[in-house]
Amino acid sequence: MVNQSCDQDGRETTVTLLNLVRFGRASTRAELARHSGLGRAVVAHRLSYLVDLGLVSEGDLARSTGGRAPRSVSFRADAGYLLAAEFGATSLAAAVSDLAGDLLVQHEEPFDIGEGPEAALSRLTELFNDLVKRTEVSRASLWGIGVGVPGPVEFSTARPISPPIMPGWHAYPIRDYLCERFGLPVWVDNDVNIMALGELRGGLARDEGNMIYLKIGTGIGAGIICEGKLYRGTKGCAGDVGHVATLEGSDVVCRCGNRGCLEAVAGGAALARDAKWAAERGESPRLAAVLAEGREMTAEEVSKAAQHGDPVSVELILRSGRLVGEVLATIVSFFNPALILVGGGVAAAGDMLLKAIRESVYHRSLPLATRELQISFSPLGDEAGLRGAAAMVTDELFAPDKVARWVPKGSPAGMPELTT
Ligand SMILES: [Zn+2]
């Protein structure tokens with residue numbers, strides 16, 4: 001059975017069927033045959049193979065519409081478990097998830113990414129160990145690790161490349177560090193990419209073919225879902241729109257060294273900087289009070305002040321939305337997405353920000369491109385990154401070439417070499 005199903009054609013059709021079940025698009029043999037275009041006999045053969053592997057179960061009789069009732073087919077999300085983590089500029093979140101990306105336990109704490117890779121990964125190792133202990137998951141049933149970091153990552157090597165806000169992380173072998181401690185395959189990607197993937201699998205973007213996830217946090221970045229798949233580009237940095245030049249702000253030097261980058265004029269750090277200037281110049285009593293009380297000026301303070309009607313803060317949020325919208329309009333013209341999801345800390349500014357983004361996008365895009373375009377906040381919020389980190393791992397483990405390598409051993413546990 002294993003050999004028969006492990007030729008290339010067999011692998012691909014098996015994975016096609018697995019994905020139809022895994023993503024909830026088919027729940028009976030008849031639906032599998034209809035969606036895959038495969039004959040009933042082939043479906044039955046591949047399905048029994050997936051049942052033998054423990055990845056799919058054929059359960060109760062589904063509701064019949066007449067004739068013999070079909071058995072329901074479902075994905076065994078508990079066949080294995082994953083470790084997922086997401087580093088932000090100032091936070092660390094970690095979780096144990098099942099193979100469907102549902103989080104069994106999760107934890108988030110403040111962490112400064114500037115402390116460097118050794119401190120960060122040592123803390124992450126502790127967290128993973130603690131989280132596993134809090135579940136009934138055995139070490140042997142852990143299948144892989146997914147990690148998101150706030151900077152560009154060369155996906156094939158899992159190494160950050162000159163990440164602007166991650167001092168000490170350039171080319172650091174994150175995969176090797178975690179492989180040594182857990183003996184599992186490890187994948188690492190940019191945080192925005194995994195958030196986009198999380199939304200694709202579990203959020204508003206479920207089944208959305210062409211989608212942009214825009215994170216406006218300290219910095220700005222976009223994750224691209226193209227024809228139902230995460231698009232990483234040649235080296236893994238597609239969607240790095242934070243450093244696209246804007247028409248305004250040519251006097252502002254970005255942390256990348258260029259002038260007038262989008263995130264240098266519209267990101268969270270830019271909002272905080274401009275709010276601080278305004279407070280110091282006496283233009284906003286409300287913002288001045290933040291400084292007078294000894295608090296640090298942040299984008300969150302600007303959002304709060306804007307929601308209370310502070311004119312300077314409102315103007316800053318509207319400007320941020322307008323500039324972000326101008327860059328998004330270019331993306332809309334180029335890519336024609338059906339959905340743009342906005343997430344990240346600055347998204348907390350709420351409807352005021354979203355309205356400014358929408359106006360800017362609609363004003364500058366062709367009518368056909370915006371006719372069915374939806375622009376919304378990310379519904380998964382903080383969970384998008386962790387769910388996406390888990391989805392990145394399952395996508396890799398269930399790729400046809402990888403399936404062929406681990407299936408003869410029963411599971412990918414203890415096979416860190418699957419990343420190559
Ligand atoms: Zn820049």
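Residues numbered from 1 in each chain as written. Predicted model: local features only at pLDDT ≥ 70, side-chain atom pairs only at ≥ 80, totals over all residues. Heavy atoms only, no water.

### Concerning the overall build of the chain
When helices and strands are counted, the chain shows 16 helices and 14 strands. Taking 22 Å as the expected radius of gyration for a compact globule of 420 residues, we find that the chain reaches 23 Å, a close match to that expectation. Sequence separation of 24 or more characterises 61% of the internal contacts of the chain that already satisfy a separation of 6 or more. Of the roughly 18500 Å² of accessible surface on the chain, 50% is carried by carbon and sulfur atoms. Placing the 42 positive and 51 negative side-chain charges of the chain at their respective mean positions leaves the two points 5 Å apart. (Helix = DSSP H or I, 4+ residues; strand = E, 2+ residues; numbered from the N terminus. Rg over C-alpha atoms; globule rule 2.2 N^0.38 Å. Contact = heavy atoms within 4.5 Å. Areas by Shrake-Rupley, 256 points an atom, 1.4 Å probe, with all protein chains shown as cover. Lys, Arg positive; Asp, Glu negative; His and termini not counted. Charge placed at Lys NZ, Arg CZ, Asp CG, Glu CD.)

### Quick look at the layout of surface pockets
Volume-wise, the second largest pocket comes out at about 890 Å³. What lines the second largest pocket is a set of 38 residues, among which Asn19, Arg22, Phe23, Arg201 and Asp395 lie closest to the centre. A per-class count over the lining of the second largest pocket returns 16 nonpolar, nine polar and 13 charged. (1 Å grid on protein atoms, 1.4 Å probe; cavity = no way out; pocket = protein on both sides within 12 Å on 5 of 7 lines; lining within 4 Å. Points joined across faces, edges and corners; volume = space filled by probe spheres on them. Nonpolar A, V, L, I, M, F, W, Y, C, P; charged D, E, K, R; others polar.)

### Structural notes on the coordination of the zinc ion
Within the protein, His243 (ND1), Cys254 (SG), Cys256 (SG) and Cys261 (SG) serve as the donor atoms for the zinc ion, at 2.0 to 2.3 Å. In this structure, the zinc ion is surrounded by four donor atoms whose angles at the metal cover 104 to 122 degrees, and the resulting shape is tetrahedral. Counting along the primary sequence, the residues that act as donors to the zinc ion give the motif H-x10-C-x1-C-x4-C. Taken as a pair, His243 in the loop between β12 (229–231) and α8 (262–266) and Cys261 in the loop between β12 and α8 lie far apart in primary sequence, 18 residues in all. (Donors = N, O, S within 2.8 Å, 3.2 Å for Na, K, Ca; no water. Tetrahedral: all angles 85-135°; square planar, octahedral: opposite > 155°, others 65-115°.)

### Re the pattern of salt bridges
What the rule picks out here adds up to 23 salt bridges. A salt bridge links Lys235 to Glu154, with the nearest nitrogen and oxygen atoms 2.8 Å apart. With a gap of 81 residues between them, Lys235 in the loop between β12 and α8 and Glu154 in strand β7 (residues 153–154) connect regions that are remote in the sequence. A salt bridge links Arg273 to Asp274, with the nearest nitrogen and oxygen atoms 3.0 Å apart. Taken together, the shared-partner salt bridges in this structure form one network comprising Arg22, Arg201 and Asp395. (Salt bridge = Lys/Arg side-chain N within 4 Å of Asp/Glu carboxyl O.)

### A few points about the domain arrangement of the chain
Interface extent is often summarised as the accessible area lost during association of the parts. What the domain assignment lists for the chain is domain 1 (2–75), domain 2 (80–197 + 383–419) and domain 3 (204–377). Measuring from the centre of the C-alpha atoms in domain 1 to the corresponding centre in domain 2 gives 29 Å. The interface is formed by 10 residues belonging to domain 1 together with 12 residues belonging to domain 2. Summed over both sides, the interface between domain 1 and domain 2 buries roughly 960 Å², with carbon and sulfur atoms accounting for 78% of that surface. Broken down residue by residue, the surface that domain 1 buries against domain 2 is led by Arg11, Val15 and Arg22, which jointly contribute 41%. Taken together, the connections running from domain 1 to domain 2 amount to one salt bridge. Close ionic contact of Arg22 with Asp395 constitutes a salt bridge, the shortest N to O distance being 3.3 Å. (Domains from an automatic or database assignment. Buried area = accessible area lost by both parts, 1.4 Å probe.)

### Remarks on the packing of aromatic side chains
By the definition in use, this model includes seven aromatic pairs. Measuring from ring centre to ring centre gives 6.2 Å for Phe398 and Trp406, while their planes differ by 55 degrees; the resulting arrangement is tilted. Neither Phe398 nor Trp406 differs from the other in exposure class; each is buried. These aromatic residues form a ring-pair network of at least three members: Phe75, Trp143, Phe398 and Trp406. (Phe/Tyr/Trp six-rings, centres within 6.5 Å; stacked < 30°, edge-to-face > 60°. Buried < 20%, exposed > 50% of the residue type's maximum accessible area, 1.4 Å probe, protein only.)

### Let's talk about the environment of Asp78
Topologically, Asp78 is positioned in the loop between β2 (71–75) and β3 (81–87). Taking the C-alpha atoms as reference, Asp78 lies 16 Å from Asp395; in sequence the two are 317 residues apart.

### Digging into the environment of Pro117
As for its position among the elements, Pro117 is in helix α5 (residues 117–133). You can call Pro117 buried: its relative accessible area is 7%. For the pair Pro117 and Val42, spaced 75 residues apart in the sequence, the C-alpha separation amounts to 48 Å. Look past the residues within four positions of Pro117 in its chain and what remains in contact with it is Ser122, Gly168, Trp169 and Tyr172.

### Regarding α5
An α-helical turn contains 3.6 residues, so any two residues separated by three or four positions project in the same direction. For α5, which comprises 17 residues, the first-to-last C-alpha distance of 24 Å matches the rise-based estimate of 24 Å (1.5 Å per residue) to within 8%. Of all the positions in α5, only Pro117, Ala120, Leu121, Leu124, Thr125, Leu127, Phe128, Leu131 and Val132 are classed as buried. For α5, the elements touching its buried residues are β3, β4 (91–98), β5 (103–110), β6 (142–149) and α6 (174–182). (Expected span 1.5 Å × (residues − 1).)

### Examining the nonpolar core
Ranked by internal contacts, the top residues of the largest apolar core, which has 53 residues, are Leu32, Trp143, Leu397, Phe398 and Trp406. By residue number, the principal contributor to this core is helix α15 (residues 383–397), which donates eight residues. Filtering out sequence-adjacent residues up to four positions away, Phe398 remains in contact with Val15, Leu18, Arg22, Leu55, Phe75, Leu99, Trp143, Val403 and Trp406. (Core = buried A, V, L, I, M, F, W, Y, C linked by side-chain atoms within 4.5 Å.)

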